[in-house]
Amino acid sequence: MRALATSLALLCAGCTGSQTVLAPMGPQAAQLNWLLWSFILICGIIWLLVMFVLVLALRYAAVPSQRGERRAAVIVGVSVAASALVIIVLTVMSYAATRGLSVAADDPLVIRLRGYQWWWEVTYTDRRPDRMLVTANEIHVPVGHPINIELSAADVIHSFWVPNLVGKQDLIPGRRNDLTFTASRPGVYRGQCAEFCGLQHAHMALLVIAEEPAAFEAWRDAQLQVARPPETIEQEAGRTFFVSQPCAACHTVRGTNAAGTLGPDLTHVASRRTIAAGLLETTRGSLAAWIADPQTIKPGNNMPMVTMTPEQLRAVSAWLVDLQ
Amino acid sequence: MMRAEAGDLQHSIAPDMRDTDLAPEVLDRQLERVWGTPATLWGILATVDHKRIGRRYVATAFIFLAMGGVLALLMRLQLAGPERRLIGPDRYNQIFTMHGANMMFLFAVPVMEAIAVYLVPLMVGTRNIAFPRLNAFSYWIYLAGGVLLWVAFALDMGPDIGWFAYVPLSGPQYGSGKRADIWAQMITFTEIAALAVAVELVVTVLKQRAPGMSLDRVPLFVWAMLVTSFCVIMAMPAIMVASTSLILDRLVGTHFYNPAEGGDVLLWQHLFWFFGHPEVYIIFLPAVGMISGILPTFARRPIFGYLPLVLALIATGILAFGLWVHHMFATGLPRLGESFFTASSMAIAIPNGVQIFCWLATLALGRPVLAAPLLFVLAFFFTFIIGGLSGVMVASVPLDTQVHDTYFVVAHFHYVLIGGAVFPLMGAIYYWFPKLTGRMMSERVGRVVCGLVFVGFNLTFFPMHILGLQGMPRRIYTYQPDMPWGGLNLFVSLSSCLLAAGFLIFFIDIMRCMRWGLPAGDNPWNAATLEWATTSPPRSYNFARIPVVSSANPLWDEPELLVSSGLRVERRELVISTVAAAVPEARDASPANSIWPFFAAIATTGMLISSIFTPWAVVWGSLPVMVTLIGWFWPKSTPEDQA
């Protein structure tokens, strides 16, 4: 086990990937990481010991005797007592970690996260109603500031899990959970729905983007703006098409007549790194492909195919990719 | 005890004839006439012989194992690379649901009960299981449930909601079509079957033991099955309530799980896991019993620590009911409650530790023979302890929030279920195969199978721990190329072929040895328990004369096994004994073959399947069930128990 643990560590030295338990980027995840390796170490030693005894037991040629039986009874008794002790130690370590994780933060930034099949609605709360902000699939947070996420679900159970930052918590219809974490370093941390939620459970990702407080405030101010007006004739045509077609029934673009709430808010869709909940990088091409045939790209998702001419598709994608 | 008929014999044998003075050949012939099953279609459908039903049960369960294994290979094929389009999300969700439901409900629980149906009556020295007609009924119902599930899958109507079927995804609003109903009704079938067997086993163990087999002489496998059966009796009602209320939500519009109408989504999870966690021990405890049965034979000494082992079994069975919330650590329950379940989940490691230490002591104090059954037990030690220790990790609330619903957990429970239950089961097959068939399995092939399965298993499942820690969630039909999971997934998929090859050779060798294996004799391993005191395979009546036991290892400690006499031979009769000391207290008639359990199972199946489509089927469908039950229980004016 120890050899395996070492190779595990080597294997993971290279993976500073964006979605892993093994590269903690905040105090909560760091504490969990410490607990994880302590458990792996203790359990690994126990496993090695038992295997060692097993080999001994197989190789040892016993001569049946009363003394041997008595000695075995003592050894078994001591082993049981020792394992009880280890169990108690592990339980106490676990409790200590829970205590450390559940300390309430002072003045956290409160973000509401609502799970839909198969995307995330993100709402930034503020005391001033005009500073409230709705976006999707991407959570920007200031580095070093405690974040409190309120979790709810619109349809079925989902689970919020960004392993680099904190352990998971479920989004349950009819209930409200919450979770506190802090990102200690700027970066992009990926999360993925961790409770089976139907056809596209595999494609329900979100990004947590941790930035310096100033950058975060700038992002927030930009997001509070309404959608920028079209600059070209093509973009203008795209907007006209969007608001007059079924698109507007599900999506909101602030600053236009589109005010649907069944799908993600698209006011600043092009400012987000991905579309379709982490599935595709945001480019004009991927937007056009997604609009043209959402059911091939993400089979079973709730976006219908809207018939349109190639010109209309070009126009809509030109407009959307401009919504920075 | 159930009233039963005396058998339809009109022979020259005088009424009330006893076995006391009969010559062995005459006795054998007469007993075979009374207990035997004719080799006709009627005989096959009407038999209540626990050995025939047990064999059938085991074979069916292994067929389901093979089919579930094929599903697993399909999943590995799909996950071998990122964004593969081999299987779409809809089919994939059906496949992983089928894999889980099939392995848990149609393979793991039934196979353990099946082996007990075969072995327990032999081990306690009786002639048939208690309630033998219920036993026949149980098999047919189990078969119908399995066929229902697989036919639905073949018709693209297989459940796609996970084996745990969480609401609201399985509820009326999001679970479209009849898929969730089929899952829920399959549960009903398998629960009826499992409960029936559990009741039979409890009564057989407590009331039908051979004279002298006091509770401290009961073989450990029988103890394990007794505890398991009580777990089944206490755990299954929870899932019955859960699945019935889900069916009601879906079929007649109740709102048990609908938060919009005051229902509760989490209620499902509590009910499901109150069953679902003991379920793990319902699978694991029989395996523990198998190990305790195999080890002494190959260590060539009595088991070390009989009493602690029995107490550990009972403690595990009780603690199993206090752990269910550790499946719900991410649902946001109050911290204090979660802490309690962390402590209880960790505590169950202690009785498991007791068992492992006692087995190690048995090996250390004995002179082990490394035959195939023992090799599987050694594979068990290696893998199960990894699974147990990763179980300690997921028992910790904070750690669980990182690994819950990831491939780490997939690795963990396969280590526990395959390492902890399937390896001992395969050892048990090698060990008891000679008793079932009268032929030995090949020792050489056994070593190859053990090696392939052991290496294939570890190469397949160990990397999944790492995948989980690298952030790969469970139940995803694909993953994106930019995630760093592709390499390990390919490795896992390739390794799974090795594991599959091991199982394939295992199955082929079973079929080969059934026909061409070397003849085994009564007691090829020189084992100590009563099932080895009779012929291999045993005659329809198990024992010509009921043995009398005066030790926990009768075939080792008693130079000549004593037998009792005085049973009637012109009807099916067996010895009823007291619960604790197994003092004989009565002769009881045992039911003869009957076709009615088969008809009753057909009628029940008709009712249950129709009720998927209309709730009224419960009303009119119960009429045929009633008719068949009347046929089943028609009074035959049989004399009462005779003291």
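Residues numbered from 1 in each chain as written. Chains lettered and ligands numbered in written order. Predicted model: local features only at pLDDT ≥ 70, side-chain atom pairs only at ≥ 80, totals over all residues.

A. Representation of the overall build of chain A in the model. For chain A, the count of helices and strands is nine helices and 12 strands. With the principal axes as the frame, chain A shows a C-alpha extent of 95 × 45 × 40 Å. Scored against the burial criterion, the 324 residues of chain A give a buried share of 41%. Relative to all contacts within chain A whose residues are 6 or more apart in sequence, the contacts with residues 24 or more apart total 66%. (Helix = DSSP H or I, 4+ residues; strand = E, 2+ residues; numbered from the N terminus. Buried ≥ 20, exposed ≤ 12 C-beta atoms within 10 Å, placed from the backbone. Contact = placed C-beta atoms within 7 Å.)

B. Spotlight on the overall build of chain B. From N to C terminus, chain B includes 20 helices and four strands. Here the C-alpha atoms of chain B give a radius of gyration of 25 Å, agreeing with the 26 Å that 2.2 N^0.38 yields for 643 residues. Dimensions of chain B, computed from the C-alpha atoms along their principal axes, are close to 80 × 65 × 50 Å. The 643 residues of chain B split such that 58% are buried. A fraction of 81% describes how many contacts in chain B between residues 6 or more apart in sequence connect residues 24 or more apart. (Rg over C-alpha atoms; globule rule 2.2 N^0.38 Å.)

C. Representation of helix α7 (residues 220-251) of chain B. All names here are of chain B. With 32 residues, α7 ought to run about 46 Å at 1.5 Å a step, and its terminal C-alpha atoms sit 45 Å apart, in line with that. Ala-235 marks where α7 bends most, by close to 25°; the proline Pro-237 follows one to four residues later. One or two residues past the end of α7 sits Gly-253, with phi positive at roughly 75°. (Expected span 1.5 Å × (residues − 1). Bend = angle between axes of the 7 residues up to and from the residue.)

D. View of the pairing of strand β3 (residues 573-577) of chain B. All names here are of chain B. By the criterion of burial, β3 is predominantly enclosed, with five of the five residues buried. Here β3 runs beside strand β4 (residues 584-589); their pairing, made up of five bridges, is antiparallel. Among the inter-strand pairings, Ile-576 is bridged to a residue of β4, identified as Ala-586. As consecutive antiparallel partners, β3 and β4 are separated by six residues, and within that stretch Ala-582 has a phi angle of approximately 55°, a positive value. (Pairing = 2+ DSSP bridges.)

E. Region of interest: the environment of Thr-460 of chain B. Residue and element names in this part refer to chain B. Relative to the helices and strands, Thr-460 is located in helix α15 (residues 443-469). C-beta crowding within 10 Å serves as the criterion here: with 24 such atoms nearby, Thr-460 is assigned to the buried category. Thr-460 has contacts with Val-492, Ser-495, Ser-496 and Leu-499, leaving out every residue within four places of it along the chain.

F. Spotlight on the confidence of the model for chain A. In the predicted model, chain A carries a mean pLDDT of 91, and the fraction of residues at 70 or more is 95%. Low confidence marks residues 1-17 of chain A, where pLDDT is under 50. Its contacts with residues over four positions away, or in another chain, come to 17 contacts. (pLDDT = per-residue confidence, 0-100.)

G. Layout of the interface of chain B and chain A. Each partner contributes residues to the interface: chain B has 67 residues there, and chain A has 69 residues. Where the side of chain B that touches chain A is concerned, the elements lending two or more residues are α4 (89-123), α8 (265-299), α10 (335-347), α11 (349-365), α12 (372-395), α13 (397-403) and α15 of chain B. By residue number, the principal contributor to the side of chain B that touches chain A is α11 of chain B, which donates 12 residues. For the side of chain B that touches chain A, the per-class residue count stands at 43 nonpolar, 17 polar and seven charged. (Nonpolar A, V, L, I, M, F, W, Y, C, P; charged D, E, K, R; others polar.)

H. Up close: the sheet that holds strand β10 (residues 205-211) of chain A. All names here are of chain A. Taken in spatial order, the three strands make up an open sheet running β4-β10-β9, and their pairing is mixed. Unpaired on one side and paired on the other, β4 (138-142) and β9 (187-192) mark the two borders of the sheet. If you compare each strand with its neighbour and ignore which way they point, the axes differ by 20° on average. (Axes fitted to C-alpha atoms, helices over the stretch in contact; angles between N-to-C directions.)

I. The environment of Ile-282 of chain B, seen in detail. Residues and elements named next belong to chain B. Looking at the secondary structure, you find Ile-282 in helix α8. With 47 residues separating them along the chain, Ile-282 and Ala-235 place their C-alpha atoms 9.3 Å apart. In this view, Ile-282 contacts Val-109, Thr-228, Cys-231, Val-232 and Ala-235; residues no more than four positions away in its chain are not counted.

J. The packing of helix α6 (residues 179-207) of chain B against helix α18 (residues 596-613) of chain B, seen in detail. All names here are of chain B. Here α6 crosses α18 at 160°, and the two axes come no closer than 10 Å. Taken together, the axis directions place α6 and α18 in an arrangement best described as roughly antiparallel. As α6 runs across α18, the sense of the crossing is right-handed. Residues Asp-181, Ile-182, Gln-185, Thr-188 and Phe-189 of α6 form the contact with α18, whose participating residues are Leu-608, Ile-609 and Ile-612. (Parallel < 35°, antiparallel > 145°, perpendicular 65-115°, else oblique. Left-handed = near helix turned anticlockwise from the far one by under 90°.)

K. Spatial organisation of the nonpolar core. Within the largest apolar cluster, 301 residues are counted, with the highest numbers of intra-cluster contacts made by Ala-108, Val-222 and Phe-376 of chain B. Per-element accounting of this core gives the leading share, 23 residues, to α4 of chain B. (Core = buried A, V, L, I, M, F, W, Y, C linked by C-beta atoms within 7 Å.)

L. Up close: the packing of helix α7 (residues 284-292) of chain A against helix α9 (residues 310-320) of chain A. Residue and element names in this part refer to chain A. Running from N to C, α7 and α9 cross one another at 130°; their axes reach a closest spacing of 9 Å. One finds that α7 runs oblique with respect to α9. Between α7 and α9 the crossing geometry is right-handed. On the side of α7, the interface is formed by Arg-284, Leu-287, Ala-288, Ile-291 and Ala-292, while α9 contributes Leu-313, Val-316, Ser-317, Ala-318 and Leu-320.

M. Quick peek at the sheet that holds strand β1 (residues 109-116) of chain A. Residue and element names in this part refer to chain A. Across the sheet, five strands lie side by side as β3-β2-β1-β5-β8; this open sheet has mixed pairing. A strand with exactly one partner marks an edge of an open sheet, and here the two such strands are β3 (133-136) and β8 (177-181). Averaged over all pairs of adjacent strands, the angle between strand axes in this sheet comes to 25°, irrespective of strand direction. Bridge count between strand β5 (residues 147-153) and β8: five bridges; the pairing is antiparallel. Among the inter-strand pairings, Ile-149 is bridged to a residue of β8, identified as Leu-179.

N. Region of the structure containing the environment of Asp-400 of chain B. Structurally, Asp-400 of chain B can be placed in helix α13. Setting aside residues up to four positions removed in sequence, Asp-400 of chain B forms contacts with His-326, Phe-329 and Val-394 of chain B.

O. Local environment of the domain arrangement of chain A. All names here are of chain A. Domain boundaries assigned for chain A yield domain 1 (2-101), domain 2 (109-222) and domain 3 (233-320). Summarising the inter-unit geometry, the C-alpha centres of domain 2 and domain 3 are found 22 Å apart. In this complex, domain 2 contributes 17 residues to the contact, which on the side of domain 3 involves 15 residues. Listing elements by their share of the side of domain 2 that touches domain 3, those giving two or more residues are β2 (119-124), β3 and β10. Among the residues forming the side of domain 2 that touches domain 3, the class breakdown is 10 nonpolar, five polar and two charged. (Domains from an automatic or database assignment.)

P. Seen up close, α15 of chain B. Across its 27 residues, α15 of chain B extends 40 Å between first and last C-alpha, which sits within 8% of the 39 Å expected from 1.5 Å per residue. Where α15 of chain B terminates, the next one or two residues include Gly-471 of chain B, which has phi positive at roughly 95°.

Q. Expanded view of the pairing of strand β6 (residues 158-162) of chain A. Residue and element names in this part refer to chain A. Burial of β6 is extensive: five of the five residues sit out of reach of the surface. Side chains His-158, Phe-160 and Val-162 project from β6 onto one buried face, and the interleaved Ser-159 and Trp-161 project onto a second face that is buried too. Strand direction decides the pairing type here: β6 and strand β7 (residues 166-171), joined by four bridges, are antiparallel. Counted as the bridge partner of His-158 is Leu-171 from β7. Remark: three residues form the turn of the hairpin made by β6 and β7, two consecutive strands paired antiparallel.

R. Quick look at unusual backbone geometry. Following Gln-117 of chain A, the chain continues to Trp-118 of chain A via a peptide bond in cis, the omega torsion being 0°. Of the consecutive residues Val-167 of chain B and Pro-168 of chain B, the connecting peptide bond is found in the cis state with omega at 0°. For Pro-168 of chain B, the position within the fold is in the loop between α5 (132-154) and α6.

S. Spatial organisation of the confidence of the model for chain B. Residues and elements named next belong to chain B. For chain B, mean pLDDT is 93; residues scoring 70 or higher make up 97% of the total. Overall, residues 1-11 carries pLDDT values under 50, and its contacts beyond four positions in sequence, including any with other chains, amount to 24 contacts. Two summary scores accompany this predicted model of the complex, namely pTM at 0.94 and ipTM at 0.93.

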